[in-house]
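One-letter residues, chain by chain:
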Amino acid sequence: MTRYDHPGAPARYDDGRGARFLALTKAWAAGIVVLLFTEYVQFTLVREQFAAEGGTESFTGRLLLIHLPDAVCVALSAWAAGRVHRPPFRYRTGPHLLAVLAVPLAAQALNLALQGGEPAAEGVLMSSAVLALGCVAGWAADLLQEGD
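These figures come from a predicted structure and were not determined experimentally.

### Some points on the overall build of the protein
Phase 1: Counting its secondary structure elements, the protein contains four helices and zero strands.
Phase 2: Beginning at the N terminus, the succession of helices and strands in the protein can be written as α-α-α-α.
Phase 3: The burial tally for the protein puts 30% of its 148 residues in the buried class.
Phase 4: Taking the contacts inside the protein whose residues are at least 6 apart along the sequence as the reference set, 66% of them involve residues at least 24 apart.
Phase 5: Approximately 9100 Å² of the protein is accessible, and the part contributed by carbon and sulfur atoms is 69%.

Spelled out as structure tokens, the structure:
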């Protein structure tokens with residue numbers, strides 16, 4: 001006899017107590033892995049190659065070589081977290097937003113905390129814009145796939 005034969009037993013192994021938090025942690029883990037991987041690839045392929053050639057001296061260079069690739073990394077992280085956040089928890093807006101946005105917001109807070117001294121206004125504003133753009137793009141991609 002299995003535990004599913006008992007009245008009131010959960011239908012799945014992870015539908016018991018703490019299932020909501022487990023679904024959140026799985027989504028966060030996916031978001032962290034995707035963010036770390038994409039940032040590593042972006043840093044090794046883009047920044048190291050073009051920063052040595054003076055590509056980040058102008059605002060346009062920083063926008064194209066740093067900020068826009070960072071927005072893509074944030075969007076992919078938010079999208080991955082949204083895809084992994086499983087039903088039925090993903091159908092409630094509050095918990096799903098928490099699953100999608102927690103990793104990019106925590107990464108932004110860590111980034112701002114680790115900047116030494118007085119951060120430059122351009123860096124704070126652009127990283128906040130990158131965060132907003134990436135989160136909206138990742139959330140929208142997740143919603144578009146949900147409609148399929």
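Now that the structure has been shown, we can carry on.
### Topic: helix 2 (residues 59–84)
Phase 1: The end-to-end C-alpha distance of helix 2, which contains 26 residues, comes to 36 Å, matching closely the 38 Å that a straight helix rising 1.5 Å per residue would cover.
Phase 2: Roughly 30° is the biggest bend found in helix 2, and it falls at His67, with proline Pro69 one to four residues downstream.

### Let's talk about helix 3 (residues 93–114)
Phase 1: A rise of 1.5 Å per residue sets the reference length of helix 3, with its 22 residues, at 32 Å; its end C-alpha atoms lie 31 Å apart and thus fit the reference within 8%.
Phase 2: Within the sequence span of helix 3, burial applies to Pro95, His96, Ala99, Val100, Val103, Pro104 and Gln108.

### Some words on the packing of helix 3 against helix 4 (residues 121–146)
Two packed helices can be described by the angle between their axes and the distance between those axes.
Phase 1: It is at 11 Å that the axes of helix 3 and helix 4 come closest, and there the two elements cross at 160°. The angle between helix 3 and helix 4 falls in the class roughly antiparallel. The hand of the helix 3/helix 4 crossing is right-handed. Taking contact as the criterion, the partners of His96, Leu97, Val100, Leu101, Pro104, Leu105, Gln108 and Leu112 in helix 3 are, on helix 4, Val124, Ser127, Ser128, Leu131, Cys135, Trp139 and Asp142.
Phase 2: Taken together, the residues of the contact of helix 3 with helix 4 sort by class into 10 nonpolar, four polar and one charged.

### A word on unusual backbone geometry
Phase 1: Pro87 connects to Pro88 through a cis peptide bond whose omega is 0°.
Phase 2: Looking at the element boundaries, Pro88 is found in the loop between helix 2 and helix 3.

### Looking at the UniProt feature "transmembrane region" (unreviewed entry) in the protein
Phase 1: UniProt's feature table lists "transmembrane region" (unreviewed entry) at residues 21–43 and 63–82, given in the numbering used throughout.
Phase 2: In residues 21–43, helix accounts for 100% and strand for 0%; the two terminal C-alpha atoms are 32 Å from one another.
Phase 3: For residues 63–82, the end-to-end C-alpha separation is 27 Å, with 100% helix and 0% strand making up the annotated structure.

### Focus: the pattern of salt bridges
Phase 1: Counted according to the given criterion, the structure contains four salt bridges.
Phase 2: The partner of Arg83 in a salt bridge is Glu146, with the nearest N and O atoms 3.2 Å apart. With a gap of 63 residues between them, Arg83 in helix 2 and Glu146 in helix 4 connect regions that are remote in the sequence.
Phase 3: The partly exposed category is assigned to Arg83, whose relative accessible area is 30%.

Cut-offs applied
Residues numbered from 1 in each chain as written. Predicted model: local features only at pLDDT ≥ 70, side-chain atom pairs only at ≥ 80, totals over all residues. Heavy atoms only, no water. Helix = DSSP H or I, 4+ residues; strand = E, 2+ residues; numbered from the N terminus. Buried < 20%, exposed > 50% of the residue type's maximum accessible area, 1.4 Å probe, protein only. Contact = heavy atoms within 4.5 Å. Areas by Shrake-Rupley, 256 points an atom, 1.4 Å probe, with all protein chains shown as cover. Expected span 1.5 Å × (residues − 1). Bend = angle between axes of the 7 residues up to and from the residue. Axes fitted to C-alpha atoms, helices over the stretch in contact; angles between N-to-C directions. Parallel < 35°, antiparallel > 145°, perpendicular 65-115°, else oblique. Left-handed = near helix turned anticlockwise from the far one by under 90°. Nonpolar A, V, L, I, M, F, W, Y, C, P; charged D, E, K, R; others polar. UniProt positions renumbered as here; feature names shortened; annotations may be inferred. Salt bridge = Lys/Arg side-chain N within 4 Å of Asp/Glu carboxyl O.

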